[in-house]
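# Descriptive structure summary
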Amino acid sequence: MYSTHSFHLPQLVLALGLSCGALVAHAQAVDVAAAEALLKENKCGKCHSVDKQKDGPSFKKTAAKHKGKADAESKLFTHLTTGPMVEIDGEKEEHKEIKAKDDAAVKNLIQYILSR
Ligand code: HEC
């Protein structure tokens, strides 16, 4: 039986708050769950975290570096899909090439990184 009392107001307010936050940060909302799943599948967390420096820069640092640059997405797309040389502890090696089902999934991850 429908009753207005079954509405959980705090949860509704929280859900609205979260979705508005995502919309303000980005015209097209980032699918955070998909981005985090892709990071996990590709084991990016071995060298990256959102806010800690590991062998690779934190995503916050990368977001700050590319902030406001029009070519940020295309640069990072190239970085993730062409295996450029990077230096880890003085040794040069190829950066991991991401495996994703399509370009849109990679771009969603890039928008996730850029919005940390
Ligand atoms: C073996 C360690 C390692 C793994 C695994 C790795 N990275 Fe990196 N990544 C690095 C290093 C080192 C750099 C720094 C390159 C530089 O600044 O020259 C880097 C740089 C980056 C950058 C910044 C590029 C820029 O131009 O600012 C992004 C974004 C990134 N990695 C994302 C990822 C993603 C996504 C994955 C998983 C598909 C991943 N990395 C896996 C080590 C790694």
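For the structure, see preceding data.
Residues numbered from 1 in each chain as written. Predicted model: local features only at pLDDT ≥ 70, side-chain atom pairs only at ≥ 80, totals over all residues. Heavy atoms only, no water.

### Remarks on the pattern of salt bridges
Quick note on the threshold: Here a salt bridge means any side-chain nitrogen of Lys or Arg lying within 4 Å of a carboxyl oxygen belonging to Asp or Glu. Any residue under 20% of the maximum accessible area for its type is buried, any over 50% is exposed, and the rest in between are partly exposed; the area is computed with a 1.4 Å probe on protein chains only.
The final tally for this structure, using the stated rule, is 2 salt bridges. With a shortest N-O distance of 3.5 Å, K75 and D71 are connected by a salt bridge. One salt bridge connects K92 with E87, and the closest N-O pair in it is separated by 3.2 Å. We classify K92 as exposed; its relative accessible area is 58%.

### Let's talk about the site of the ligand
Just so we agree on the cut-off: The criterion for a residue being near a molecule or strand is simple. One of its heavy atoms has to lie within 4 Å of it. Polar contact criterion, stated in full: a pair of N or O atoms within 3.5 Å, where within protein one must be able to donate a hydrogen and the other to accept it, and residues adjacent in sequence count only if both atoms are side-chain atoms. A run of H or I in DSSP counts as a helix once it spans at least four residues, and a run of E counts as a strand once it spans at least two, with each numbered from the N terminus. When residue character is reported, Ala, Val, Leu, Ile, Met, Phe, Trp, Tyr, Cys and Pro are called nonpolar, Asp, Glu, Lys and Arg charged, and the others, Gly included, polar.
In the region of the ligand, 22 residues are neighbours, and C44, C47, H48, H66 and H95 sit closest. One of the side-chain N or O atoms of H66 is found 2.8 Å from an oxygen atom in the ligand. Between the ligand and H95 there is a distance of 2.7 Å, counted from a nitrogen atom to a side-chain nitrogen or oxygen. Taken together, the elements giving at least two residues each to the shell around the ligand come down to helix 3 (59-66), helix 4 (72-81), strand 1 (85-88) and helix 5 (103-114). Across the shell around the ligand, the residue classes tally to 11 nonpolar, 7 polar and 4 charged.

### Section: the coordination of the iron atom of the ligand
Inclusion rule: Here the coordinating atoms are restricted to nitrogen, oxygen and sulfur within 2.8 Å of the metal centre, or 3.2 Å for Na, K and Ca, and because water is not among them the sites may look incomplete. Only four donors with every angle between 85 and 135 degrees are called tetrahedral; only four or six donors with opposite donors over 155 degrees apart and all others between 65 and 115 are called square planar or octahedral, in that order; all others are irregular.
Distances from the iron atom of the ligand to its protein donors, H48 (NE2) and H95 (NE2), fall at 1.9 to 2.0 Å. With 6 donor atoms in place around the iron atom of the ligand and angles of 86 to 178° between them, the coordination shape is octahedral. In this pair, H48 is assigned in the loop between helix 2 (32-41) and helix 3 and H95 in the loop between strand 2 (91-94) and helix 5, connecting sequence segments 47 residues apart. The buried category is assigned to H48, whose relative accessible area is 17%.

### Here's the deal with the environment of K65
Within the secondary structure, K65 is located in helix 3. Remark: the alpha-carbon pair of K65 and L114, spanning 49 residues in sequence, is separated by 9.2 Å.

### A look at the pairing of strand 2
Heads up, the condition is: At least two bridges found by DSSP between two strands are what make those strands a pair.
Of the pairings in the sheet, the one linking strand 1 to strand 2 comprises 4 bridges and is antiparallel in character. Bridge pairing links E87 to K92 in strand 2.

### Side note on the nonpolar core
Let me state the cut-off plainly: We define the nonpolar core as a collection of buried residues of types Ala, Val, Leu, Ile, Met, Phe, Trp, Tyr and Cys that are connected through side-chain atoms lying within 4.5 Å of one another. Should any heavy atoms of two residues lie within 4.5 Å, those residues are counted as being in contact.
Membership of the largest hydrophobic core comes to 18 residues, with the highest contact counts inside it found for L39, I98, V106, L109, I110 and Y112. Those elements that place two or more of their residues in this core are helix 2, helix 4 and helix 5. Ranked by residues supplied to this core, first place goes to helix 5 with 7 residues. Beyond its immediate chain neighbours, meaning those up to four positions away, L109 contacts A35, L38, L39 and I98.

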